[in-house]
Amino acid sequence: MPIQKSEAIVLRKQDIRETSLILTFYTKDFGKIKGILRGVRGVRGQYGGGSFEILSHDEIVFYDRKKSDIFTTSQCDLIEFFNPIRRSLEKLAYAAYMAELLDSVTALGDKNEQVFDLLLNSIKLLSGDASSRRVARIFEIKLLSLLGIMPTLGSCANCGKLVDTCAKFSVTQGGLICVNCLASDVNAHAIMQGTVKFIEHIRALPFEKVARIKVANAVGKELESTLRKFLDYHIERRLKSLEFLKEIEGS
Ligand SMILES: [Zn+2]
């Protein structure tokens, strides 16, 4: 691969040796990549100007290294730092969660420009005055949809028949299951119609609209716990950022 340039968002930062860094980026044009930056630590203030921090929006220049899937990154220039996120522990915790979630569900080199746009729009929204919780739910649902693992809600995930209000949510079957199929997952849980509708709204409507929709507290809570179980099942590992989020929220 010759020298490449792309917009990128930092998902992860690892310090290595005395002066080098490895950054995991989600790039607009190449999907997730890892890049090594040499000789940057210690003078980070002048050199990076914040471009190495998690969720910074950068323009990077990078090229192949022989026998390695880590690219040499020769330039990493900041486009936007999202100051309001850095000033709020809560926003920062949610930002770290979105970065870790995306890192855990994507493979290196898997290009998806819509995922890049989703991440960038979510960070912008988080940086404004939208509720952090709401931004995280929008990010989760739209990400599931883009990755093709959205829960089935209109029909039974097991038999395909239309579901009624007695349907339950099954994490292992991948969505709602009808009364005839309840035996296929004894752990399926009841879910409110309002929650199902809200998930469908978030998936279908543009960002700015769903950020402002008002829903009952119970719906918000049920949505959060349902998505958590669903994502945990697909990710198969505990995200570190979730522990931090719990601490911040004191729950
Ligand atoms: Zn069924």
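We now turn to the structure provided with this report.

Basis of the calculations
- Residues numbered from 1 in each chain as written.
- Predicted model: local features only at pLDDT ≥ 70, side-chain atom pairs only at ≥ 80, totals over all residues.
- Helix = DSSP H or I, 4+ residues; strand = E, 2+ residues; numbered from the N terminus.
- Rg over C-alpha atoms; globule rule 2.2 N^0.38 Å.
- Buried ≥ 20, exposed ≤ 12 C-beta atoms within 10 Å, placed from the backbone.
- Contact = placed C-beta atoms within 7 Å.
- Pairing = 2+ DSSP bridges.
- Axes fitted to C-alpha atoms, helices over the stretch in contact; angles between N-to-C directions.
- Parallel < 35°, antiparallel > 145°, perpendicular 65-115°, else oblique.
- Expected span 1.5 Å × (residues − 1).
- Arc of directions from axis to C-beta.

1. Remarks on the overall build of the protein chain
And then number 1: The helix and strand inventory of the protein chain stands at nine helices and eight strands.
And then number 2: Against the globule reference of 18 Å for 251 residues, the protein chain gives a C-alpha radius of gyration of 20 Å, in line with a compact fold.
And then number 3: When the backbone C-alpha atoms are referred to their principal axes, the protein chain occupies close to 60 × 40 × 30 Å.
And then number 4: Classification of the 251 residues of the protein chain by burial places 35% in the buried group.
And then number 5: In the protein chain, the share of contacts with a sequence separation of at least 24, taken over all contacts with a separation of at least 6, comes to 56%.

2. Quick notes on the sheet that holds strand β8 (residues 189-190)
And then number 1: Spatially, three strands are ordered β7-β6-β8 in an open sheet, and the strand pairing comes out antiparallel. Edge positions in the sheet fall to β7 (175-177) and β8, since each has one partner strand and no second.
And then number 2: With three bridges connecting them, strand β6 (residues 168-170) and β7 associate as antiparallel partners. Residue Lys-168 lies in a different strand from β7, and its bridge partner there is Ile-177.

3. Quick notes on the sheet that holds strand β4 (residues 57-65)
And then number 1: Strand order in the closed barrel formed by five strands is β1-β2-β3-β5-β4, and the pairing between neighbours is mixed. Direction aside, the axes of adjacent strands within the sheet are offset by 50° on average.
And then number 2: By the bridge criterion, eight bridges tie strand β1 (residues 4-16) to strand β2 (residues 20-27) in an arrangement that is antiparallel. Each bridged residue has a counterpart across the sheet, and for Ala-8 the counterpart in β2 is Thr-27.

4. Some words on the packing of helix α4 (residues 113-127) against helix α5 (residues 132-147)
And then number 1: Packing of α4 against α5 leaves a shortest axis separation of 10 Å and a crossing angle of 175°. Classified by the angle between their axes, α4 and α5 sit roughly antiparallel to one another. Across the interface between the two elements, Gln-114, Val-115, Leu-118, Ser-122, Leu-125 and Leu-126 of α4 pack against Ser-132, Val-135, Ile-138, Phe-139, Lys-142, Leu-143 and Leu-146 of α5.

5. A few points about the environment of Asp-164
And then number 1: For Asp-164, the location among the structural elements is in the loop between α5 and β6.
And then number 2: A sequence separation of 112 residues divides Asp-164 from Phe-52, and the C-alpha atoms of the two residues are 49 Å apart.

6. Description of the pairing of strand β3 (residues 31-37)
And then number 1: Inspection of the sheet shows β2 paired to β3 by seven bridges, in the antiparallel sense. Bridge assignment links Tyr-26 to a residue of β3, and that residue is Lys-32.
And then number 2: Between β2 and β3, which pair antiparallel one after the other, the connecting turn spans three residues.
And then number 3: Sheet topology note: the β3/strand β5 (residues 68-80) ladder contains three bridges and is parallel. Within β5, the position partnered with Ile-36 by the bridge is Thr-72.

7. Side note on helix α3 (residues 89-105)
And then number 1: Between its first and last C-alpha, α3 extends 25 Å over 17 residues, near the 24 Å set by a 1.5 Å rise per residue.
And then number 2: Buried residues of α3: Lys-91, Leu-92, Ala-93, Tyr-94, Ala-95, Ala-96, Tyr-97, Met-98, Ala-99, Leu-101 and Leu-102, and no others.
And then number 3: Contacts from the buried residues of α3 go to β1, β2, α2 (83-87), α4, α5 and α9 (240-249).

8. Brief notes about helix α6 (residues 193-204)
And then number 1: Here α6 spans 17 Å end to end across twelve residues, near enough to the 16 Å set by a 1.5 Å rise per residue.
And then number 2: Taken together, the buried positions of α6 are Thr-195, Val-196, Phe-198, Ile-199 and Ile-202. Seen end-on, α6 carries its buried residues on one side only, within an arc spanning 160°. Across α6 from its buried face, at more than 90 degrees, point the exposed residues Gln-193 and Ala-204.

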